[in-house]
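Listed below are the residues making up each chain.
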Amino acid sequence: MGVAVARIRVLVVDDHRIFAESLAAALAAEQDVEVSAAGSGPAALRALERAAAEGRRFDVLLIDADLGTVGQDGGGVPGQLRGPAPHGAGLGPGHGPAHGPAHGPPHGPVHASVHDGGGSGEGAVDGISLVAGVRSAHPAVRTVVLAERDDPRRAAAALQAGAGGWVAKDCSLSRLLAVIRGVLRDETHLPPALLTGVLRELTAARKHRTESERLVESLTPREREVLRCMVAGLGRKAVAERLYLSPHTVRTHMQNVLGKLGVHSTLAAVALARRAGVGPVDLTGSVVERGGQLA
């Protein structure tokens, strides 16, 4: 009897169906890879939940950087791909020769279920937001972003969101497989040409975050609480009801928050708060007045 091969479970997330099917078929030809595909962020999140419930979680997600710009998910129109891809199949139209399997077909059928967008009206989820969502809900799952073009700013944003790699869509299959296996070893993979630009972006982002944190630290505890309510999207009246304050007092606190942060609008204050790592107030919990003070 042969030794069972430990499978790497991969989910391709791309709303270009031809590309997704081509890539899924190419990866399915690898002996140690089991691959499925989803046509949108919501479909990918549902697939992750189902896999986790079945005890067969995905190991790596390959996420289109431009996800959400071509149609939306429609609840899944499944297709099936079985067996190895044709030898020499690339990663998509116009791509060069790929690394084909030298070991023959995999043991048993490998499925690549492609759930295509059907326009059900679900909100689109962009690629980098999906990376962040996966990191939050499924921290053990690794993510790699597939991009049409090099973009240091977006690549840096992807890494900050939790991606383990940024790979060009026209790379060889052997290169993509190396990245997949690398991120499972907690490696970070970037094209060499992007490295300098990404480091510059990350350094600048850290500088902005440090400045934002310093400004937020200048707020009083009550002002920080009001800021968290602003981050949650609450208006003046809702903040007043939640914190048992008068609308006039809330207005004063909001004006103080804007002044101390050096901004002129609630939107700018929320953006700065996000950079500083300030999250929204929990709208599901009970409201408890701290300290019994009204101002």
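Parameters at a glance
- Residues numbered from 1 in each chain as written.
- Predicted model: local features only at pLDDT ≥ 70, side-chain atom pairs only at ≥ 80, totals over all residues.
- Heavy atoms only, no water.
- Axes fitted to C-alpha atoms, helices over the stretch in contact; angles between N-to-C directions.
- Helix = DSSP H or I, 4+ residues; strand = E, 2+ residues; numbered from the N terminus.
- Parallel < 35°, antiparallel > 145°, perpendicular 65-115°, else oblique.
- Contact = heavy atoms within 4.5 Å.
- Nonpolar A, V, L, I, M, F, W, Y, C, P; charged D, E, K, R; others polar.
- Core = buried A, V, L, I, M, F, W, Y, C linked by side-chain atoms within 4.5 Å.
- Buried < 20%, exposed > 50% of the residue type's maximum accessible area, 1.4 Å probe, protein only.
- Polar contact = N/O pair within 3.5 Å; in protein donor to acceptor, adjacent residues only side chain to side chain.

### Here we look at the packing of helix H1 (residues 17-28) against helix H5 (residues 173-183)
Then, number 1: At their nearest, the axes of H1 and H5 sit 11 Å apart, and the two run at 75° to each other. In terms of orientation, H1 lies roughly perpendicular with respect to H5. Each of Leu23, Ala26 and Leu27 in H1 lies in contact with H5, whose residues at this interface are Leu173, Leu176, Leu177 and Ile180.
Then, number 2: For the contact of H1 with H5, the residue count by class is seven nonpolar, no polar and no charged.

### Comments concerning the nonpolar core
Then, number 1: Counting residues in each nonpolar core, the largest one holds 28 residues, and the members touching the most others are Leu11, Val13, Leu61 and Trp166.
Then, number 2: When residues of this core are traced back to their parent elements, those giving at least two are strand S1 (8-13), helix H2 (41-53), strand S3 (60-64), helix H3 (127-137), strand S5 (142-147) and helix H4 (152-161).
Then, number 3: The leading source of residues in this core is H2, at five residues.
Then, number 4: The contacts of Val13, once residues within four sequence positions are left out, are Ala38, Ser40, Ala44, Leu61, Leu62, Ile63, Asp64, Leu67 and Leu130.

### Description of the environment of Thr252
Then, number 1: Residue placement: Thr252 occurs in helix H9 (residues 247-261).
Then, number 2: On the basis of relative accessibility, which here comes to 32%, the residue Thr252 falls in the partly exposed class.

### Thoughts on the environment of Arg142
Then, number 1: With respect to the element layout, Arg142 can be found in strand S5.
Then, number 2: Beyond its immediate stretch of four places on either side in the chain, Arg142 contacts Asp59, Val60, Leu61, Val183, Leu184 and Asp186.
Then, number 3: A polar contact is formed between the side chain of Arg142 and the backbone oxygen of Val183, at a distance of 3.4 Å.

### Focus: the environment of Arg181
Then, number 1: Mapped onto the secondary structure, Arg181 falls in helix H5.
Then, number 2: Take Arg181: its relative accessible area is 27%, and that puts it in the partly exposed class.
Then, number 3: Spatially, the C-alpha atoms of Arg181 and Asp59 are 9.9 Å apart, while their sequence positions differ by 122 residues.
Then, number 4: The contacts of Arg181, once residues within four sequence positions are left out, are Ile8, Glu30 and Asp32.

Any functional reading would require information beyond the geometric quantities listed.
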